[in-house]
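The chain contents come next:
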Amino acid sequence: MYKRKIYSTIMQRLSERRTFIQVIMGPRQIGKSTVVKQVLDDINKPFLFYSADTVPSISSTWISDCWSNARLQMRTQGLTEMILVIDEIQKLRNWSEYVKKEWDSDSLNHINIKVALLGSSRVLLEKGLAESLMGRYEEIRMSHWSYVEMKDAFGITLEQYMYFGAYPGGASIICDEERWKNYISGAIVDATINKDILMDAPIGKPALFRQTFELSVAYSGKILSLTKMLGSLQDAGNTVTLAGYLNLLGDSGLVTGLQKFSIDAARKRASIPKYQVYNNALLSSTLGLTYKEVVRDSKKWGQIYESAIGAFIVSEAFVNRFEVFYWRDGNDEVDFILKKNNKIIAVEAKSNSESHTTGIDRFRNLYNPDAIIIVGESGIKPEDFLSMDLKKLFD
């Protein structure tokens with residue numbers, strides 16, 4: 001079975017002496033549980049793996065039961081260490097308090113239980129971590145599969161990756177596009193919205209939330225003000241509500257709204273968002289066109305192309321902790337601005353042979369970026385850019 005790059009990081013962390021709780025977070029259906037199980041199979045240490053996915057949210061004491069089972073097994077089998085893994089931990093109410101209690105008890109009594117917690121709702125995970133577990137954990141962030149991973153594991157071509165995206169569960173059924181679209185809709189979109197968001201976040205208007213998601217996805221790679229978005233929605237709302245919904249969608253790894261790059265932080269917050277999916281499957285599955293039809297349509301393919309580059313960038317940004325913006329001034333625009341510490345990288349995605357843009361020239365004169373990257377025929381080949389380790393841009 002194919003092993004993602006993150007396998008080595010998880011293996012190293014669980015092989016080290018007990019120091020921190022390992023929190024592995026990322027969107028649904030990207031293989032968090034699979035890669036952890038691969039590590040457990042290879043690490044040659046005793047372990048217990050539990051999933052809270054079907055446990056009632058009020059059963060937080062279930063966590064203590066899992067811990068008790070681990071301690072019992074250590075005593076009865078004379079074990080010196082144990083790895084305890086709990087999947088979808090964020091679904092349990094007050095989960096962080098129970099984890100803190102049990103972890104601190106083990107620390108006090110010198111019980112060598114190493115702990116890994118998995119979760120697909122970033123906002124709920126981070127809330128619990130901030131409330132109770134400060135200083136006791138470290139994050140391992142996972143995101144969508146890269147072009148290299150999809151190519152190596154499933155033989156996906158560049159064009160297929162850009163259109164069908166990077167969900168490994170759908171890779172084997174892309175030859176049946178209707179089946180593939182149903183998988184994306186049911187296993188990804190419905191599961192994330194219904195299980196990870198609506199059940200756990202106070203959404204006053206679920207129908208409006210769903211419409212916000214659908215419109216944001218449709219505009220992936222494009223700029224649209226929240227005020228104009230309101231005019232396209234059937235249910236009345238306000239821009240503050242939509243901005244909150246967009247934040248939830250971003251925290252769940254579906255679609256985000258990039259802010260306009262500016263030195264002035266206030267202007268960033270007040271900017272019109274540029275919508276960007278984290279996985280291009282979300283966009284392609286809603287177009288109402290087949291793969292062959294989109295490839296032949298230069299306008300649609302242009303959106304797919306830029307959105308695919310953006311999906312790779314925002315996924316890498318989540319894992320490697322850098323910021324992503326766009327820049328626009330009048331008719332001049334730069335597709336993506338990457339920023340970490342004091343380094344600024346400008347990225348322009350070109351699906352045609354055009355290389356010169358006044359936007360790049362103006363941005364260079366205004367901000368003097370550390371690097372400018374053109375992704376396209378006259379710059380870096382898209383397959384080469386999509387194979388890059390973007391964190392090295394900031395070295």
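Attention in this report is confined to the structure presented alongside it. (Residues numbered from 1 in each chain as written. Predicted model: local features only at pLDDT ≥ 70, side-chain atom pairs only at ≥ 80, totals over all residues. Heavy atoms only, no water.)

## Regarding the packing of aromatic side chains
Remark: the centre distance and the inter-plane angle together describe each pair of aromatic rings, the angle taken between the planes. For the structure on display, the rule yields 17 aromatic pairs. Between Trp145 and Phe154 the ring centres are 5.7 Å apart and the planes differ by 40°, which places this aromatic pair in the tilted class. Using a relative accessible area of 35% as the deciding quantity, one classes Phe154 as partly exposed. Measuring from centroid to centroid gives 4.7 Å for Tyr163 and Phe164, while their planes differ by 85°, and the two rings are edge-to-face. Both residues of the pair, Tyr163 and Phe164, belong to the buried class. Among the aromatic residues, those joined into a ring-pair cluster are Phe261, Phe325, Trp327, Phe363 and Tyr367. Positioned over the ring face of Phe49 is Lys37, at 4.9 Å from the centre of the ring. The cationic tip of Lys274 hangs over the ring face of Phe336; the distance from NZ or CZ to the ring centre is 4.5 Å. (Phe/Tyr/Trp six-rings, centres within 6.5 Å; stacked < 30°, edge-to-face > 60°. Buried < 20%, exposed > 50% of the residue type's maximum accessible area, 1.4 Å probe, protein only. Lys NZ or Arg CZ within 6 Å of the ring centre and 35° of its normal.)

## As for the packing of helix H3 (residues 61–77) against helix H4 (residues 95–108)
Where H3 contacts H4, the two axes come as close as 8 Å, and the packing angle between them is 25°. By the criterion of interaxial angle, the relationship of H3 to H4 is roughly parallel. When the axes of H3 and H4 are compared, the crossing they make is right-handed. Together, Thr61, Ile63, Ser64, Trp67 and Arg71 of H3 and Trp95, Tyr98, Val99, Lys101, Glu102, Trp103, Ser105 and Asp106 of H4 make up the contact between the two elements. Class assignment for the residues of the contact of H3 with H4 results in six nonpolar, three polar and four charged. (Axes fitted to C-alpha atoms, helices over the stretch in contact; angles between N-to-C directions. Helix = DSSP H or I, 4+ residues; strand = E, 2+ residues; numbered from the N terminus. Parallel < 35°, antiparallel > 145°, perpendicular 65-115°, else oblique. Left-handed = near helix turned anticlockwise from the far one by under 90°. Contact = heavy atoms within 4.5 Å. Nonpolar A, V, L, I, M, F, W, Y, C, P; charged D, E, K, R; others polar.)

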